[in-house]
Amino acid sequence: MPVYHLLAFIELVFLPFFYYKLLSAKPIYLYGLGVLILFNFLHTLLTGDLYKFNQVAWSINALVFIILGFVYYYQLYEQSEPILVEKHPMFFINAGILVYASGSFFTYLLGWEILSKEASGIFHNAWIIQSFSNVAKNIIIAYGLWLSRQM
């Protein structure tokens, strides 16, 4: 579980910087990112345990990724020039990130039930949903990267 905390922290640092460049965000964005990183660090340090699932902070992170993905789509929609989204690699890369973030949000939100109690019913299948979202993310992002080679 400590390695999973590290993975989530790395994801929290690098993915928002990707959106920072993609959205051409203002410097205030970096302050918000700093607050989110500080919240994650303090939540893990003070209220969590490195050997337990940190569902609160990770759920908030996934929700932030979903919001950033929709903000990108809004900016893409607001562009003055029309584009063909089926040939736009960032459309697919962002779609992959949204699929991953939504699957993660579902899994992280239910993390206490999944990891800390007896998994039964829908909770028994939640990690399968997370795995499918990861596979879908990888396929969609790979397609977006393949499209970017053709540009």
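The shown structure was predicted, so the numbers you read here are calculated from the model rather than taken from an experiment.

Now for a nonpolar patch on the surface. Together, Leu38, Phe41, Leu42, Leu45 and Leu46 make up an exposed nonpolar region whose accessible area comes to about 520 Å². On the secondary structure map, phenylalanine 41 appears in helix α2 (residues 28-47). Since its relative accessible area comes to 48%, phenylalanine 41 is described here as partly exposed.

Turning next to the nonpolar core. Core analysis: the biggest nonpolar cluster contains 23 residues, and Tyr19, Tyr72, Tyr73 and Ile97 have the highest contact counts within it. Ranked by size, the runner-up nonpolar core spans six residues in total, among them Ala8, Ala57, Tyr100 and Tyr108.

A separate point is helix α3 (residues 55-78). Between its terminal C-alpha atoms α3 stretches 34 Å, which fits the 34 Å expected from 24 residues at 1.5 Å a residue. When we look at burial in α3, the residues that qualify are Ala57, Trp58, Ser59, Asn61, Ala62, Phe65, Ile66, Leu68, Gly69, Tyr72, Tyr73 and Leu76. In this structure, the buried side of α3 is in contact with α1 (2-23), α2 and α4 (89-109).

Here we come to the side chain of asparagine 40. By secondary structure assignment, the location of asparagine 40 is in helix α2. Look at asparagine 40 and you get buried, because its relative accessible area is 6%. In terms of polar contacts, asparagine 40 uses its side chain to reach the side chain of asparagine 61, at 2.8 Å.

Here we come to the UniProt feature "transmembrane region" (unreviewed entry) in the chain. Feature annotation in UniProt assigns "transmembrane region" (unreviewed entry) to the following positions: residues 6-23, 28-46, 58-77, 89-110 and 122-146. In this annotation, residues 28-46 is assigned 100% helix and 0% strand; the end-to-end C-alpha distance for the span is 27 Å. With 100% helix and 0% strand, residues 58-77 has its two end C-alpha atoms placed 29 Å apart.

In the contact formed by α1 and α2, the axes pass within 11 Å of each other and the chain directions differ by 175°. The angle between the axes of α1 and α2 places the two elements in the roughly antiparallel class. Contacts from His5, Phe9, Leu12, Val13, Pro16, Phe17, Tyr19 and Tyr20 of α1 reach α2 at Tyr29, Leu30, Leu33, Leu36, Ile37, Asn40 and Thr44. A breakdown of the residues in the contact of α1 with α2 according to their chemical character gives 12 nonpolar, three polar and no charged.

The subject of this paragraph is the packing of aromatic side chains. On inspection of all chains with the given rule, the structure shows seven aromatic pairs. Pairing tyrosine 20 with tyrosine 29 gives two aromatic rings, centres 5.5 Å apart and planes at 25°, and the pair type is stacked. Across this residue pair, the class does not change: tyrosine 20 and tyrosine 29 are buried. Linked through ring pairs, Tyr72, Tyr73, Phe91, Phe92, Tyr143 and Trp146 together constitute an aromatic cluster. Sitting above the plane of the tyrosine 100 ring, lysine 137 keeps its charged end 4.7 Å from the centroid.

In this section: α2. An ideal rise of 1.5 Å per residue puts 28 Å on 20 residues; α2 measures up with 28 Å between its terminal C-alpha atoms. The set of residues buried in α2 consists of Tyr29, Leu33, Leu36, Ile37, Asn40, His43 and Thr44. Each buried residue of α2 sits inside an arc of 130° when the element is viewed along its axis, so together they form one side. Those residues of α2 that are exposed and angled more than 90 degrees off the buried face are Ile28, Tyr31, Val35, Leu45, Leu46 and Thr47. Of the surrounding elements, those touching the buried residues of α2 are α1 and α3.

Cut-offs used in this document
Residues numbered from 1 in each chain as written. Predicted model: local features only at pLDDT ≥ 70, side-chain atom pairs only at ≥ 80, totals over all residues. Heavy atoms only, no water. Patch = residues over 30% accessible without salt bridge, like charges linked within 9 Å, V, L, I, M, F, W, Y side chains within 5 Å. Areas by Shrake-Rupley, 256 points an atom, 1.4 Å probe, with all protein chains shown as cover. Salt bridge = Lys/Arg side-chain N within 4 Å of Asp/Glu carboxyl O. Helix = DSSP H or I, 4+ residues; strand = E, 2+ residues; numbered from the N terminus. Buried < 20%, exposed > 50% of the residue type's maximum accessible area, 1.4 Å probe, protein only. Core = buried A, V, L, I, M, F, W, Y, C linked by side-chain atoms within 4.5 Å. Expected span 1.5 Å × (residues − 1). Contact = heavy atoms within 4.5 Å. Polar contact = N/O pair within 3.5 Å; in protein donor to acceptor, adjacent residues only side chain to side chain. UniProt positions renumbered as here; feature names shortened; annotations may be inferred. Axes fitted to C-alpha atoms, helices over the stretch in contact; angles between N-to-C directions. Parallel < 35°, antiparallel > 145°, perpendicular 65-115°, else oblique. Nonpolar A, V, L, I, M, F, W, Y, C, P; charged D, E, K, R; others polar. Phe/Tyr/Trp six-rings, centres within 6.5 Å; stacked < 30°, edge-to-face > 60°. Lys NZ or Arg CZ within 6 Å of the ring centre and 35° of its normal. Arc of directions from axis to C-beta.

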